[in-house]
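Results of the structural survey
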Amino acid sequence: MSRVGWLDLGSGVSGDMLLGALVGAGVPPATLSAALQPLGLPITLRREDVRRGGLAAVRVHVEVPDAGQPHRTWADVRVLLDRLPEPLRSSASGVFAALARAEAAVHGVPADDVHFHEVGALDAVADVVGVCAGVAALGLDRLVASPIALGGGSVRTAHGLLPVPGPAVLALLADASAPAHGGPDGEELATPTGVALVTSLASGYGPLPPVRPTATGTGAGGRDPADRPNVVRLVVGEALAAGSPQPGSAQPGSLQQVVVLETNVDDLDPRAWPAVLTGLLAAGALDAWLTPVLVKKGRPAHVVSALAEPAAVPAVRAVLFRETTTLGVRESVVARQVLARRFATVAVDGQPVAVKLGLGPDGGVLNAVPEWEDVVRAAAALDRPVKAVLAQASGLAQVLAAGSPSPGTGGVGLP
């Protein structure tokens, strides 16, 4: 099963709140500190258990020298981040690159000339690198975020008095097509660093997806307002397939409403299509595919299509606009009938291979198919042809299906 994280950003987001949520969800503070060591900077992280609005939460303090912190350009920060190992370097660089693009758009200067001010300070470097390292440590296959609460009114910054939400925050949201909403006047609930982290690391937006929670973390902000808990919540769990039964049950299939998104494209380099399909699936699409067609004037083209649950539509749509040359996307709501599903495991010469079982209305097994990635992994471990391992796994899967218990007698057993 895939591992999914969900961020509840109903009270806003900042870098230190994300650090606290990660630590609360089980990432050791030592892991975050170790990620910062290659930078050679005088940064210390300290955990504090606090309460926010009656909720127990974790606050991570970023402690740096009292001396003034330098203003750094994006070019300066790039040199600093080059000290990090991959893939942490690329992840942290992507967050700062998003900040640079947003600040450049707001101030009308080239991205390399942007002076980060607050976000270039040591504490922001710690936030970005620490959060990127913490998300990687959780081993998530997908990170989903709720719409971001922004606040309202105005706030004083290094550029003077600015409205809330700030121009940089709005630029980041627009660049990522991320959803957001306002909040109380006179409060900045979402900082540019926090928004840049979320929009760079999240692959989709919406409510808590179907998961079996395994860990939760609550990260605290510095303030403790009386009207709400000033926290970011992180829920980590195992993804549940749409219509999949709970362990020990054999539910019949269900009818779902999903959305088909599609567009015609006739001018994209065909080498880009694999990345487009991968991006759609990473954004939460249930499936994505490509169909060759002829369009007006007899030009060859492709229809790229994606199937998504309603909550994932904004993220999937954003990938179509960002990764292809299209100027419009068609969307239609369709009904999808799905079988209930279970997973079991067979052993091919000692190598485990997961088998997906499709269950009929009476709970009987209609389909039993080995998971392709497990077959490839097992073939490599055994130094055997993939086709041979697939044939053996498929035979074992059919034996498994034939020997599965009748409805109501419990879980599927191994032969």
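Scroll up to find the structure.
Residues numbered from 1 in each chain as written. Predicted model: local features only at pLDDT ≥ 70, side-chain atom pairs only at ≥ 80, totals over all residues. Heavy atoms only, no water.

1. Things to note about the sheet that holds strand β20 (residues 365–370)
How we decide: In this description, strands pair whenever DSSP reports at least two bridges between them. Labels follow the DSSP assignment, with helices taken as runs of H or I lasting at least four residues and strands as runs of E lasting at least two, numbered in each case from the N terminus. Lines fitted to the C-alpha atoms define the axes, with helices restricted to the stretch that makes contact. Angles between their N-to-C directions range from 0 to 180 degrees.
Spatially, β18-β19-β20 is the arrangement adopted by the three strands of the open sheet, whose pairing is antiparallel. The open sheet has two edge strands, β18 (340–348) and β20, and neither has a second partner. Sheet twist, expressed as the average angle between the axes of neighbouring strands with direction ignored, equals 30°. Bridge analysis of β18 against strand β19 (residues 351–359) gives nine bridges, and the strand direction is antiparallel.

2. Things to note about the pairing of β20
When β19 meets β20, the two strands line up antiparallel, connected through five bridges. Of the residues in β20, the one forming a bridge with Leu 357 is Ala 368. Hairpin connection between β19 and β20: a loop of five residues separates the two successive antiparallel strands, and Gly 363 in this loop has a positive phi of roughly 90°.

3. Brief notes about the packing of helix α10 (residues 372–382) against helix α11 (residues 386–402)
The line we're drawing: Any angle between 65 and 115 degrees counts as roughly perpendicular, while under 35 counts as roughly parallel, over 145 as roughly antiparallel, and the rest as oblique. For a crossing to be left-handed, the near helix must be turned anticlockwise from the far one by less than a right angle; the clockwise case is right-handed. Contact between two residues is taken to exist if any of their heavy atoms lie within 4.5 Å; hydrogens are not considered. Amino acid classes used here: Ala, Val, Leu, Ile, Met, Phe, Trp, Tyr, Cys and Pro are nonpolar; Asp, Glu, Lys and Arg are charged; the rest, including Gly, are polar.
The N-to-C vectors of α10 and α11 enclose an angle of 125°; their axes lie 9 Å apart at closest approach. Looking at the two axes, α10 sits oblique to α11. Remark: the crossing between α10 and α11 carries right-handed chirality. When α10 is examined against α11, the residues Trp 372, Val 375, Val 376, Ala 378 and Ala 379 are found in contact with a partner set consisting of Val 386, Val 389, Leu 390 and Ala 393. A breakdown of the residues in the contact of α10 with α11 according to their chemical character gives nine nonpolar, no polar and no charged.

4. Notes on the environment of Arg 46
To keep things clear, this is the line we draw: The buried label applies to any residue whose accessible area, calculated with a 1.4 Å probe on protein chains only, is under 20% of its type's maximum; exposed applies above 50%, and partly exposed to all values in between. Whenever a nitrogen or oxygen atom comes within 3.5 Å of another N or O atom, the pair is scored as a polar contact, on the condition that within protein one atom can donate a hydrogen and the other can accept it, and that pairs from neighbouring residues in sequence are kept only if both atoms are in side chains.
Position of Arg 46 relative to the elements: it lies in strand β2 (residues 44–52). Take Arg 46: its relative accessible area is 37%, and that puts it in the partly exposed class. Separated by 15 residues in sequence, Arg 46 and His 61 place their C-alpha atoms 5.1 Å apart. Apart from the residues lying within four places of it in its own chain, the contact partners of Arg 46 are Arg 59, Val 60, His 61 and Glu 63. Within polar-contact distance, the side chain of Arg 46 engages the side chain of Glu 63 at 2.6 Å.

5. Side note on helix α4 (residues 88–107)
The cut-off we apply is this: By this rule, a helix spans an expected 1.5 Å times one less than how many residues it contains.
Here α4 spans 29 Å end to end across 20 residues, near enough to the 28 Å set by a 1.5 Å rise per residue. Restricting attention to buried positions, one finds in α4 the residues Leu 88, Ala 92, Ser 93, Val 95, Phe 96, Ala 97, Ala 98, Leu 99, Ala 100, Ala 102, Glu 103 and Ala 104. Looking at the buried residues of α4, the elements they touch are α2 (29–36), α3 (74–81), α5 (122–138), α6 (167–176) and α7 (192–201).

6. Re unusual backbone geometry
Of the consecutive residues Glu 86 and Pro 87, the connecting peptide bond is found in the cis state with omega at 0°. Here Pro 87 lies in the loop between α3 and α4. Note the cis peptide between Val 164 and Pro 165, where omega equals 0°. One can find Pro 165 in the loop between β8 (160–163) and α6.

7. Brief notes about the nonpolar core
Nonpolar side chains in soluble globular proteins generally cluster together in the buried interior. Test applied: Put simply, a nonpolar core is a bunch of buried Ala, Val, Leu, Ile, Met, Phe, Trp, Tyr and Cys residues held in one set by side-chain atoms that sit within 4.5 Å of each other.
In this structure, Leu 7, Val 13, Val 129, Val 198 and Leu 234 are the most contacted members of the largest nonpolar core, which totals 63 residues. In terms of residues, this core owes the most to one element, α5, which gives ten residues. Apart from the residues within four sequence positions on either side, Val 129 is in contact with Ala 35, Leu 36, Leu 39, Leu 81, Leu 84, Leu 88 and Ala 92. Counting 20 residues, the second largest nonpolar core, distinct from the first, contains Val 276, Val 319, Leu 320 and Val 329.

8. So, the packing of α6 against α7
Direction vectors running N to C along α6 and α7 enclose 5°, while the axes themselves pass 9 Å from each other. For the element pair α6 / α7, the angle class is roughly parallel. Contacts between α6 and α7 involve Val 169, Leu 172, Leu 173 and Ala 176 from the former and Pro 192, Val 195, Ala 196 and Thr 199 from the latter. Taken together, the residues of the contact of α6 with α7 sort by class into seven nonpolar, one polar and no charged.

9. Topic: α3
How we decide: Note that the arc is defined by the directions from the helix axis to the C-beta atoms.
Inspection of α3 places Trp 74, Val 77, Leu 80 and Leu 81 among the buried residues, and these make up the whole buried set. Taken end-on, α3 shows its buried residues confined to a sector of 115°, consistent with a single buried face. Looking at the buried positions of α3, the neighbouring elements they touch are α4 and α5.

10. Focus: the side chain of Ser 93
With respect to the element layout, Ser 93 can be found in helix α4. Using a relative accessible area of 12% as the deciding quantity, one classes Ser 93 as buried. Not counting the four nearest positions on each side in its chain, Ser 93 is found in contact with Trp 74 and Leu 81.

11. Examining the pattern of salt bridges
Stated precisely, the cut-off is as follows: In the sections that follow, a salt bridge refers to a side-chain nitrogen of Lys or Arg positioned within 4 Å of a carboxyl oxygen of Asp or Glu.
For the structure shown, the criterion picks out 16 salt bridges. Two residues, Asp 269 and Arg 271, come together in a salt bridge whose shortest N-O distance is 2.7 Å. One network of salt bridges, in which partners are shared, links Glu 187, Arg 223, Asp 227 and Arg 228.

12. A word on the environment of Val 114
Turning to its location among the elements, Val 114 is positioned in the loop between α4 and α5. Using a relative accessible area of 3% as the deciding quantity, one classes Val 114 as buried. Spatially, the C-alpha atom of Val 114 lies 37 Å from that of Val 304, the residues being 190 residues apart in sequence. Not counting the four nearest positions on each side in its chain, Val 114 is found in contact with Arg 72, Thr 73, Trp 74, Ala 100, Glu 103, Ala 104 and Val 109.

Structural measurements only, silent on function.
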